[in-house]
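# Examination of the molecular architecture
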Amino acid sequence: MKNFAFVLLLLVSASAHAWHATVGTYKMLEDTQTQSGGDATNAFNPMIGVGGNFSLPWTGWGFSPQLGYVRHIVKTNDSYGGDYEIQTIMMLYDFVWVPEIFSASSVPFAVRLGLGNFRRSTKGKGGTVTIPNGNSTATAPRPSSSEPSYTGTFNLGADFTFGPLDDWMVNSGLRFETFTFSPLNKEKRTYAFNLMAVAYF
């Protein structure tokens, strides 16, 4: 499945109208737990990405696959004995639609929606950790190697295009996109979003 995603990105990008590169921030909207058992919000994390854009004939839609990378900023406030290294690689299969009223605008607006595959890897220093569990504590293993997890998402976002900033660009813009993890599972469903600067070339 992973190899298929990379091959699809290469095939699609070869016939794309434009490549694009993105840089910005990514934030998960679920809380984390502190040493005392309280809640803390997740940090804003740096994110980069690359992708391709191409039109779907006779539909008015475009297909815009993206490959993204997030380096999570982990702030530990516990007795775990060391930081965790958490990274996410995502493959997004997005479709793009420009409403007719915005097609001739100086700042075109496009709706972006699709599905995604997220691979999140967590690496620690091994051993066990003591974590808060209500009024008591519990013991859990801490990964010593990179432990991956895979999640599917439903994506919904918007693109704003402002025109080229330099000669080597076709266009530039901003992208805001939300991600719903496990959208069909009410108990596991969580959310995240990104805000990215985009360069088209």
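Predicted, not measured: the structure shown is a model, and the values here were computed from it.

Here is what the cut-offs are and how they apply
Each chain carries its own residue numbering, running from 1 in the written order of its sequence. Side-chain atom pairs in this predicted model are given and counted only at pLDDT of 80 or more, local residue features only at pLDDT of at least 70, and totals for whole chains, interfaces and linings cover all residues. To obtain the side-chain values, all non-hydrogen atoms of the structure were included, while hydrogens and water were left out. Nonpolar cores were defined as sets of buried Ala, Val, Leu, Ile, Met, Phe, Trp, Tyr and Cys residues, with membership established by side-chain atoms within 4.5 Å. Three labels apply to residues, based on accessible area from a 1.4 Å probe with only protein chains included: buried if under 20% of the type maximum, exposed if over 50%, partly exposed otherwise in between. A run of H or I in DSSP becomes a helix once it reaches four residues, and a run of E becomes a strand once it reaches two; helices and strands are each numbered from the N terminus. By the convention used here, residues are in contact when the closest approach between their heavy atoms is within 4.5 Å. Here, any two strands with at least 2 DSSP bridges between them count as paired. Fitting a line to C-alpha atoms yields each axis, with helices limited to the stretch in contact; the angle taken between N-to-C directions then spans 0 to 180 degrees. Throughout this description, the term salt bridge denotes a Lys or Arg side-chain nitrogen within 4 Å of a carboxyl oxygen of Asp or Glu.

### Section: the nonpolar core
Judged by nonpolar contacts, Tyr 26, Met 28, Met 47, Val 70, Met 90, Leu 92, Phe 118, Phe 179, Phe 181, Ala 192 and Met 196 together constitute the single largest core of 11 residues. Contributing elements (two or more residues each) for this core: strand E1 (18–28), strand E6 (85–97), strand E11 (171–181) and strand E12 (190–200). Setting aside anything within four residues of it in sequence, one finds Leu 92 in contact with Ser 64, Pro 65, Gln 66, Leu 115, Gly 116, Phe 118, Asn 155, Glu 177 and Phe 179.

### Things to note about the sheet that holds strand E7 (residues 109–123)
The strand order around the closed barrel built from 8 strands is E1-E4-E5-E6-E7-E10-E11-E12, with neighbouring strands paired in antiparallel fashion. Between one strand axis and the next, the sheet turns by 25 degrees as a mean value, whatever way the strands run. Alignment of E1 against strand E4 (residues 45–56), held across 9 bridges, turns out to be antiparallel. Residue pairing across strands places Ala 21 opposite Val 50, the latter belonging to E4.

### Some words on the pairing of strand E5 (residues 61–71)
When E4 meets E5, the two strands line up antiparallel, connected through 8 bridges. Following the sheet pairing, Gly 51 is matched in E5 by Gln 66. Between the antiparallel neighbours E4 and E5 lie 4 residues, among them Trp 58 with a positive phi of about 65 degrees.

### Regarding the environment of Pro 65
For Pro 65, the position within the fold is in strand E5. A C-alpha to C-alpha distance of 7.4 Å links Pro 65 and Met 91, two positions 26 residues apart in sequence.

### Examining the pattern of salt bridges
Two side chains bearing opposite charge may form a pair once their charged atoms approach each other closely. Enumeration according to the criterion identifies 4 salt bridges in this entry. Here Asp 94 and Arg 112 are joined by a salt bridge, their closest N and O atoms 3.4 Å apart. Taken together, the positions of Asp 94 in strand E6 and Arg 112 in strand E7 put the pair 18 residues apart, joining distant regions of the chain. Residue class for Asp 94 comes out buried when judged on its relative accessible area of 0%. Ionic pairing is found between Arg 112 and Asp 159, a salt bridge with its closest N-O pair at 2.8 Å. Of the two residues, Arg 112 sits in strand E7 while Asp 159 sits in strand E10 (residues 147–161), which places them 47 residues apart along the sequence. Residue Arg 112 is classed as buried on the basis of its relative accessible area of 0%. One salt-bridge network, in which partners are shared between bridges, spans Asp 94, Arg 112, Asp 159 and Arg 175.

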